[in-house]
Amino acid sequence: MNRLLTLCLLALSTPASATTLTVWSHFTDTAEVAWLKAQTASYTRLSGNQVKIVNVPLDKLADQLIATAKKGKGPDLIVTLPQDRFGQLVTAGVLEPMDAYVARRGEFDRTTLTALTYRGKLYGLPMFAESVALVYNKKLVPTAPTSWNDFIRVAQKNTGGGKYGFVTDLSNAYMQYGLISAYGGYVFKNNSGTLDVKDIGLANAGAARALNLLNDLRFKYKLVPEGMTGDKAKAAFLKGDAAMIVTGPWDMGDIKKAGINYGITALPTPPGAPNPWSPFVGVQGIVMNAYSPNKAAAAEFARGMVTGVAQLSFNQAGGRIPVNVNVRRNLAANPIVNGFGRVITSGTPMPNVPEMGQVWTPWTEAITEGVKKPGANAAALLEKAVQTMKKNIK
């Protein structure tokens, strides 16, 4: 009897057929690479399965998955992939739906789950998210403006003599989407989780009103001079010459190094807007190769990397904004996590359909023209841009 019990215990503790998972990752930050290696070591210790990590540049991940998956040469998992390529990858048949592998959806920020959902199915386990927010210098702006009038007053008070109260790249469509959404503009109509690429809302009355407001920031309020780029806005903020800018988590390392006493908040709701400011949200998630022969083992590894404990250690490694709402609560004293986390929750997932590629150029051209001179015909510029988009979307 004892011998039989011993054999049974050995059978339970030793995998019947240990496997090796192949994981592609674009991480290059030393701390994040070390974090991933620690996760694989823990998984191997608990499961007996090995994990081979292959570094693939971020901009090559999607194309290489399409090229290799059906040939049986792709990875089991990718850690991590942005949602903007999901539509293309699902259409190519190389992403495995992940709905069955999410045990507690309530732990994740709903916006991040929506971002990784395509045509009603979840295709990734969210790892981290990012958006832009209003970042302000507390030396110049002690308290975050909570209304548009307050925002303009504070910005104008700090403008003059080579100083800027508020600067941003007005022609950057991604950065300015929050104003468009506030007025009711949208890229593609969202019908119960499915984006209708035939219904483009970038030339409706709300989108035109948003472009007029961008024009006002330059010519009426005289806040954003011509030629102001994102790099110039950041440089001015780092020097202490700009009181407020719109930027994302990617710039916070430099802002901290510059010794700026900063605050992070949402841009106040613009005048007459029916909705709060809601900028684009980008999410990166763990995705599974639809042709992986090791789906059960890969799913277990993926689940381990999005637990609260793993999310907390991942944030401590590289500073990424966690998507686990409990982890955000635990990091409430962290101004970057708290500030951007709140904006992400109220943000708009950037469209994950391939048709988005036909939107950026005409949209950017319209906004650029719309802020070149006072009183530009925003409605006409946007309508022309949308007609170009519709022509190019097959």
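Here, every reference points to the structure presented above.
Here is what the cut-offs are and how they apply
- Residues numbered from 1 in each chain as written.
- Predicted model: local features only at pLDDT ≥ 70, side-chain atom pairs only at ≥ 80, totals over all residues.
- Heavy atoms only, no water.
- Helix = DSSP H or I, 4+ residues; strand = E, 2+ residues; numbered from the N terminus.
- Rg over C-alpha atoms; globule rule 2.2 N^0.38 Å.
- Buried < 20%, exposed > 50% of the residue type's maximum accessible area, 1.4 Å probe, protein only.
- Contact = heavy atoms within 4.5 Å.
- Areas by Shrake-Rupley, 256 points an atom, 1.4 Å probe, with all protein chains shown as cover.
- Polar contact = N/O pair within 3.5 Å; in protein donor to acceptor, adjacent residues only side chain to side chain.
- Core = buried A, V, L, I, M, F, W, Y, C linked by side-chain atoms within 4.5 Å.
- Arc of directions from axis to C-beta.
- Axes fitted to C-alpha atoms, helices over the stretch in contact; angles between N-to-C directions.
- Parallel < 35°, antiparallel > 145°, perpendicular 65-115°, else oblique.
- Left-handed = near helix turned anticlockwise from the far one by under 90°.
- Nonpolar A, V, L, I, M, F, W, Y, C, P; charged D, E, K, R; others polar.
- Phe/Tyr/Trp six-rings, centres within 6.5 Å; stacked < 30°, edge-to-face > 60°.
- Lys NZ or Arg CZ within 6 Å of the ring centre and 35° of its normal.
- Pairing = 2+ DSSP bridges.

Within the protein chain, the secondary structure is distributed over 16 helices and 14 strands. Against the globule reference of 21 Å for 394 residues, the protein chain gives a C-alpha radius of gyration of 23 Å, in line with a compact fold. If one aligns the C-alpha atoms of the protein chain with their principal axes, the spans along those axes are about 85 × 50 × 30 Å. For the protein chain, the residues scored as buried account for 51% of the 394 residues in total. Within the protein chain, contacts between residues at least 6 apart in sequence are counted, and of these 76% link residues at least 24 apart. For the protein chain, the exposed area adds up to about 18,000 Å²; of that, 52% sits on carbon and sulfur atoms.

Moving on to the side chain of Asn-289. If you trace the backbone, Asn-289 turns up in the loop between strand E12 (280-288) and helix H11 (295-305). Within the structure, the side chain of Asn-289 is placed 2.9 Å from the backbone oxygen of Pro-75, a separation counted as a polar contact.

Membership of the largest hydrophobic core comes to 130 residues, with the highest contact counts inside it found for Leu-217, Met-244 and Trp-363. Filtering out sequence-adjacent residues up to four positions away, Met-244 remains in contact with Leu-134, Val-135, Tyr-136, Val-141, Pro-145, Phe-151, Val-154, Ala-155, Gly-165, Phe-166, Val-167 and Phe-237.

For helix H9 (residues 230-238), every residue scored as buried is listed here: Ala-233, Lys-234, Ala-236 and Phe-237. Down the axis of H9, the buried side of the element spans an arc of 160°, and every buried residue falls inside it. Residues Asp-231 and Lys-232 are exposed on H9 and point more than 90 degrees away from its buried face. Check the buried side of H9 and you find it contacts strand E7 (133-137), strand E10 (244-247) and helix H10 (252-257). Remark: Gly-240 follows H9 within two positions and exhibits a positive phi of approximately 85°.

Among all positions in helix H15 (residues 360-370), only Pro-362, Trp-363, Ala-366, Ile-367 and Gly-370 are buried. Considered in projection along H15, the buried side chains sweep an arc of 130° and stay on one side of the axis. Where H15 is buried, its residues contact helix H7 (173-182), strand E8 (186-191), helix H8 (205-219), E12 and helix H16 (378-392).

The axes of two packed helices give the description: the angle between them and the distance between them. Where helix H2 (residues 30-47) meets H11, the axes come as close as 10 Å, and the angle between the chain directions of the two elements is 130°. Considered as vectors, H2 and H11 are oriented oblique to each other. Judged by the sense of rotation from one axis to the other, the crossing of H2 with H11 is right-handed. Contact residues: H2 offers Trp-35, Leu-36, Gln-39, Thr-40 and Tyr-43, while H11 offers Ala-297, Glu-300, Phe-301, Gly-304 and Met-305. Considering only residue class, the contact of H2 with H11 consists of six nonpolar, three polar and one charged.

Another aspect to go through is the packing of aromatic side chains. Within a pair of aromatic rings, the relevant descriptors are the distance that separates the centres and the angle that separates the planes. With the rule as written, the count across this model stands at twelve aromatic pairs. These aromatic residues form a ring-pair network of at least three members: Tyr-174, Tyr-177, Phe-280, Trp-360 and Trp-363. For Lys-189, the ring lying beneath its charged end belongs to Tyr-186, and the centroid distance is 5.2 Å. Positioned over the ring face of Phe-128 is Arg-320, at 4.3 Å from the centre of the ring.

Along E12, nine of the nine residues are buried, which leaves the element largely enclosed by surrounding structure. Neither face of E12 is open: one carries Phe-280, Gly-282, Gln-284, Ile-286 and Met-288, the other Val-281, Val-283, Gly-285 and Val-287, and all of them are buried. Inspection of the sheet shows strand E3 (residues 77-82) paired to E12 by four bridges, in the antiparallel sense. Within E12, the residue paired with Leu-77 across the bridge is Met-288.

With that out of the way, let us pick up the sheet that holds E10. Strand pairing in a sheet relies on backbone hydrogen bonds. The paired strands run either parallel or antiparallel. Spatial ordering of the open sheet is given by E10-E7-E11, a layout of three strands whose pairing is antiparallel. Looking at the sheet topology across the chains shown, the edges are occupied by E10 and strand E11 (262-265). Direction aside, neighbouring strands of the sheet carry axes that sit 30° apart on average. Here H9 sits on the sheet and contacts E7 and E10; the angle it forms with E10, its principal contact strand, is near 130°.

Everything listed here is a matter of coordinates, which is why it stays silent on function.
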